[in-house]
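# Chains, contacts and geometry: an overview
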Amino acid sequence: MLGLFKSKAKTSTILVVDDEPDLVSTIKARLEWNKFKVETASNGSLALEKLETITPDLILLDGNMPVMTGFQMLEKMRQDSRFKSIPVIMLTAVCESDNIAMAGSLGVTEYVTKPFEYPQLLEKITQTLEK
Amino acid sequence: MTDIQTNEKLNFIIKLKSKSLEVIFDAVPVGLMLVDERFIVERVNQFIQHRTGKSYQEIINTSICDVLNCIIKQNEEESDCTQCTQCSQCALKTNILKVFQTLKPIEEIEFGNNNFFKDKSLNTWFSLTIKPVIVDERKYVVVCLNDLTARKNAEEKLAESMKLKQQFISTVSHELRTPLTAIREGLNIVLEGVAGKLKDRQREFLQLSKRNVDRLSALINDVLDFQKLESGRMNFNFTSANLAETIKDSAETMKLMAKSHNVELAVKIDSQVGMAVYDANKIIQVLNNLLSNAIKFTPAEGKVMISANVINDTVAITVADNGMGIPKEDLPKIFERFYRVQRPGKEIPGTGLGLPIVAQIIDKHAGTISVESELTKGTSFTITLPLKGPQEMDKNKDEFLERTISK
């Protein structure tokens, strides 16, 4: 953990995209406690709008959301040269194996299966940011 | 009375009896036919006439295969029974032949075929019972046709409602899990001081809440696990791994709990225990469960030991404690779901699903589980696992776990 902050001069910004507000607020509280800057969006479409104004260092992306799912958003993101290289960690339910395979073809290698324990998520975030 | 008078009286009684037999024969709600060795129907009751829609004259002295519209013949235009090439495979014919040859009855062969009956839109189920009889020194069979449709429909409804019940439990559990996760995470955040400093009294009651939320989560997870195992939706990932390491991992995880209960946890793994084919996550779940039980039911200063050794091509893992023991009358029931051993004066938390889950997981590994226990002396559970993993188990066969219960 500490190593991360030493190596990174600026505070990393994380965009949390999930349609469960309670989940978002707990993750936000945790991440801010761990000195991250947090932005949120409740579906893929709103997240894409957000990307026009901010460039996060990492996106935590829920798979299943109304209006635009995480997988649909991922597809759109990967077609845009500006957002192509932003690392993404998917937050998925176990039963979405087909979608996970699709996300894999779009370059997503990190998954956290819901329900998850926070330390497990933090570890994935740290690993991904260090890459 | 003269002889003539006696004869008249006897004849009268015989006539009356055969008349009433005829009425009874027609009234029974089972189809009855008397069939000779050439498959010709000599007697038939009204049930058959009603269900086939054929008159007495149409049935008598014709082949039983024609009467029942032949099982194999699918449409009316095809040639008569006994003419087609598949006749020798007909279940009706072959079974009647068998009864004539062996003179032994065949009971309740089930058919689900609506060809037999007039109303083909009905999804009819019935059973055939064929019994050999001798009439005037001639061999016959009595063919009984029993309508099973009501039973089959009830069975179907039962299966459907079982499925609905499973779906319901699964949906409810999932729906419960989401808010529960949020409650748990909210409590964690406050307890860890993320949302500000806590006073001791505040911490105390939040910890109480958290303990109970954890208990509720464990219960829901157990219900979901059990449901998945029971409906065969639990995926198993059998890979080659080091079983000694898995046992050590589990013991390491449970050390904390043993420490908080002031129970000594010892590990004794024979050097022969090594690579085996199993689902490591599931076996860890099994060992954690057995160890957690052993620790829970062992008083302070007691001892729990997990040991393992290889016997031929299986590995035996034993979790033994010197705790309170299980009463003899409870032993056969501890693998039943929701069964909890009554402990007067002592409330030990649990879901009653731990051991049923353990038993199912071991069963899927083609292993065995056994228990020995003596009150106040202690309990030991032994599981055995084939080193090569489950070898092409017959999936259709409900292989039930062998449970040796002694003492």
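Computed from a predicted model, the values in this text were never measured in an experiment.

## Observations concerning the packing of aromatic side chains
Centre-to-centre distance and the angle between the planes together describe a pair of aromatic rings. Residue and element names in this part refer to chain B. Scanning all chains against the criterion turns up two aromatic pairs over all chains. Taking 5.7 Å as the distance between ring centres and 15 degrees as the angle between the ring planes, the aromatic pair formed by Phe-236 and Phe-238 counts as stacked. Considering the side-chain rings of Phe-335 and Phe-381, the 6.4 Å spacing of their centres and the 85 degrees angle between planes classify their relative orientation as edge-to-face. Of this pair, Phe-335 sits in the loop between β10 (314–321) and α10 (354–364) while Phe-381 sits in strand β12 (residues 378–386), and the two are 46 residues apart along the sequence. There is no split in this pair, since Phe-335 and Phe-381 are both buried. The cationic tip of Arg-43 hangs over the ring face of Phe-25; the distance from NZ or CZ to the ring centre is 5.1 Å. Between the NZ or CZ atom of Lys-93 and the centre of the ring of Phe-39, over which it lies, the distance is 5.1 Å.

## Here's the deal with the packing of helix α6 (residues 149–191) of chain B against helix α7 (residues 200–230) of chain B
All names here are of chain B. For the pair α6 and α7, the least separation of the axes is 9 Å and the interaxial angle reads 155 degrees. Taken together, α6 and α7 sit at an angle that is classed as roughly antiparallel. Of the two possible hands of crossing, α6 and α7 adopt the one that is left-handed. Of the residues assigned to the contact of α6 with α7, the class counts are 13 nonpolar, ten polar and six charged.

## A look at the confidence of the model for chain B
Residues and elements named next belong to chain B. On average, residues of chain B carry a pLDDT of 83, and 87% of them reach 70 or more. β10 holds the highest mean pLDDT among the elements of chain B, 95, whereas strand β13 (residues 405–406) holds the lowest, 35. Low pLDDT, under 50, characterises residues 393–407; the stretch is placed with 32 contacts to residues that sit more than four places away or in other chains. We note a pTM of 0.60 for the whole complex and an ipTM of 0.75 for its interfaces.

## As for a nonpolar patch on the surface
Together, B:Phe12, B:Ile13 and B:Leu16 make up an exposed nonpolar region whose accessible area comes to about 310 Å². Using a relative accessible area of 51% as the deciding quantity, one classes B:Leu16 as exposed.

Rules of the game
Residues numbered from 1 in each chain as written. Chains lettered and ligands numbered in written order. Predicted model: local features only at pLDDT ≥ 70, side-chain atom pairs only at ≥ 80, totals over all residues. Heavy atoms only, no water. Phe/Tyr/Trp six-rings, centres within 6.5 Å; stacked < 30°, edge-to-face > 60°. Helix = DSSP H or I, 4+ residues; strand = E, 2+ residues; numbered from the N terminus. Buried < 20%, exposed > 50% of the residue type's maximum accessible area, 1.4 Å probe, protein only. Lys NZ or Arg CZ within 6 Å of the ring centre and 35° of its normal. Axes fitted to C-alpha atoms, helices over the stretch in contact; angles between N-to-C directions. Parallel < 35°, antiparallel > 145°, perpendicular 65-115°, else oblique. Left-handed = near helix turned anticlockwise from the far one by under 90°. Nonpolar A, V, L, I, M, F, W, Y, C, P; charged D, E, K, R; others polar. pLDDT = per-residue confidence, 0-100. Contact = heavy atoms within 4.5 Å. Patch = residues over 30% accessible without salt bridge, like charges linked within 9 Å, V, L, I, M, F, W, Y side chains within 5 Å. Areas by Shrake-Rupley, 256 points an atom, 1.4 Å probe, with all protein chains shown as cover. Salt bridge = Lys/Arg side-chain N within 4 Å of Asp/Glu carboxyl O.

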